[in-house]
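Listed below, chain by chain, are the residues.
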Amino acid sequence: MRINTTPIGREALLQEANNIIRQHSDYLQGMVANDVEQKGSVLVFRGEFFLDQDGLPTVKTTAVFNMFKHLAHVLSEKYHLAD
């Protein structure tokens with residue numbers, strides 16, 4: 001955890017993350033972050049990855065992965081989990 005980041009609760013962080021997702025130009029219907037954890041100084045987001053019936057990635061999977069990576073980059077610079 002970096003000293004220059006602000007503590008934030010899990011629910012407040014997920015709400016902010018989902019606002020970012022919905023406003024992003026790469027937003028896809030159903031794309032949502034429903035969990036986050038702190039790994040060192042990085043916030044790791046999780047949610048639906050749009051796998052196919054065999055559990056394999058689809059085109060949407062790449063978009064979701066990139067969105068969660070974007071969230072980690074943007075929000076890890078500002079926050080750390082308080083809970």
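Residues numbered from 1 in each chain as written. Predicted model: local features only at pLDDT ≥ 70, side-chain atom pairs only at ≥ 80, totals over all residues. Heavy atoms only, no water.

**Details of unusual backbone geometry**
With the exception of glycine, the majority of residues adopt a negative phi angle, and the majority of peptide bonds are in the trans configuration. The backbone of Phe50 sits at a positive phi, close to 55 degrees, despite the residue not being glycine. Relative to the helices and strands, Phe50 is located in the loop between strand E3 (42-47) and helix H2 (59-76). In this structure Phe50 comes out as buried when scored by relative accessible area, which is 15%. (Helix = DSSP H or I, 4+ residues; strand = E, 2+ residues; numbered from the N terminus. Buried < 20%, exposed > 50% of the residue type's maximum accessible area, 1.4 Å probe, protein only.)

**Things to note about the environment of Phe49**
If you trace the backbone, Phe49 turns up in the loop between E3 and H2. Taking C-alpha positions, Phe49 is 8.2 Å from Met31, a pair spaced 18 residues apart along the chain. Beyond its immediate chain neighbours, meaning those up to four positions away, Phe49 contacts Thr61, Val64, Phe65 and Phe68. (Contact = heavy atoms within 4.5 Å.)

**A look at the environment of Leu75**
Take Leu75: it is sitting in helix H2. Exposure remark for Leu75: the relative accessible area of 0% places this residue in the buried category. Linking Leu75 and Val44, residues 31 residues apart in sequence, is a C-alpha distance of 9.8 Å. Excluding residues that lie within four positions of it along the chain, Leu75 makes contacts with Leu13, Glu16, Ala17, Ile20, Leu43 and Phe45.

**Notes on the pattern of salt bridges**
One pass over the structure, following the stated rule, counts 4 salt bridges. A salt bridge links Lys78 to Glu16; the shortest N-O distance between them is 3.2 Å. Of this pair, Lys78 sits in the loop between H2 and strand E4 (79-81) while Glu16 sits in helix H1 (residues 10-23), and the two are 62 residues apart along the sequence. The residue Lys39 makes a salt bridge to Glu37 at a minimum N-O spacing of 3.6 Å. The exposure class of Glu37 is partly exposed, given its relative accessible area of 25%. Salt bridges sharing partners connect three or more residues here, namely Asp35, Glu37, Lys39 and Arg46. (Salt bridge = Lys/Arg side-chain N within 4 Å of Asp/Glu carboxyl O.)

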